[in-house]
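The residues making up each chain are set out below.
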Amino acid sequence: MKVVIQRVLKASVTIKDEKVASIANGILILLGIVDDDTNDDIKWLSNKISSLRIFGDENGVMNTSLIDAKGDAIVVSQFTLHASTKKGNRPSYIKAAKPDVAIPLYKAFVNQLESNLGKTIQTGQFGADMKVELLNDGPVTIIIDSKNRT
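Residues numbered from 1 in each chain as written. Predicted model: local features only at pLDDT ≥ 70, side-chain atom pairs only at ≥ 80, totals over all residues. Heavy atoms only, no water.

(A) Summary view of the nonpolar core. I27, I29, L31, I49, V75 and F109 are the most contacted members of the largest nonpolar core, which totals 27 residues. Within the residue set of this core, elements represented by two or more residues are β1 (2-15), β3 (26-32), α1 (39-51), β6 (72-77), α3 (99-117) and β8 (131-145). The dominant element in this core, judged by the number of residues it contributes, is α3, at seven residues. Those residues in contact with V75 that lie beyond four places of it in its chain are I29, L31, Y106, F109, V110, L113, I121, Q122, T123 and G124. In terms of nonpolar packing, the next biggest core, distinct from the first, is built from 13 residues, A11, V13, L28 and V76 among them. (Core = buried A, V, L, I, M, F, W, Y, C linked by side-chain atoms within 4.5 Å. Buried < 20%, exposed > 50% of the residue type's maximum accessible area, 1.4 Å probe, protein only. Helix = DSSP H or I, 4+ residues; strand = E, 2+ residues; numbered from the N terminus. Contact = heavy atoms within 4.5 Å.)

(B) Structural context of the pairing of strand β2 (residues 18-23). As paired elements, β1 and β2 share five bridges and run antiparallel to each other. Across the sheet, residue I15 finds its bridge partner in β2, namely E18. In this antiparallel pair of consecutive strands, β1 and β2, the connection spans two residues, and K16 shows a positive phi of 50 degrees. (Pairing = 2+ DSSP bridges.)

(C) Highlighting the layout of surface pockets. Estimates place the volume of the largest pocket at around 350 Å³. If you trace the largest pocket, you find 21 residues lining it, with S77, Q78, F79, F126 and G127 closest to the centre. No other element matches α3, which puts three residues into the lining of the largest pocket. For the lining of the largest pocket, the residue count by class is 14 nonpolar, five polar and two charged. (1 Å grid on protein atoms, 1.4 Å probe; cavity = no way out; pocket = protein on both sides within 12 Å on 5 of 7 lines; lining within 4 Å. Points joined across faces, edges and corners; volume = space filled by probe spheres on them. Nonpolar A, V, L, I, M, F, W, Y, C, P; charged D, E, K, R; others polar.)

(D) Expanded view of unusual backbone geometry. A cis geometry characterises the amide bond from G138 onward to P139, with omega recorded as -5 degrees. Checked against the element boundaries, P139 lands in strand β8. Even without glycine at this site, K16 takes up a positive phi of about 50 degrees. Locating K16 in the fold gives a position in the loop between β1 and β2. The backbone of K70 shows a phi angle near 55 degrees, a positive value even though the residue is not glycine. Structurally, K70 can be placed in the loop between α2 (66-69) and β6.

So, in structure tokens, the structure goes:
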């Protein structure tokens with residue numbers, strides 16, 4: 001699993017002119033899934049994201065986690081995170097998991113993150129054409145791949 005995490009002052013997801021998710025202070029998580037991702041990847045990544053100290057403390061130093069900041073989150077499926085651009089100019093998405101594999105893992109990731117944070121996590125809609133808006137705070141943008149833990 002690969003994620004792009006963006007610390008936001010606000011973020012939203014719109015599908016067919018309907019806003020389906022909206023948060024203020026928190027993170028926007030773009031989530032890419034491959035066929036060999038497992039529940040172990042879900043647990044590790046969810047724990048990492050929940051505890052990642054990327055919010056300012058009382059001194060303005062990034063020393064506070066999403067849990068401590070009582071921030072919200074939106075998770076958006078993003079198969080293009082696994083694009084291969086080695087050949088030609090048209091990206092290949094062959095590494096990205098197909099929906100029959102990706103959807104259950106996506107839902108399990110959201111459930112695990114909800115468990116870690118103790119709150120409901122807003123989402124986009126898997127496979128939909130989504131319009132994602134955000135006001136990046138910092139900017140703070142972090143990429144994490146569960147296959148590169150060391």
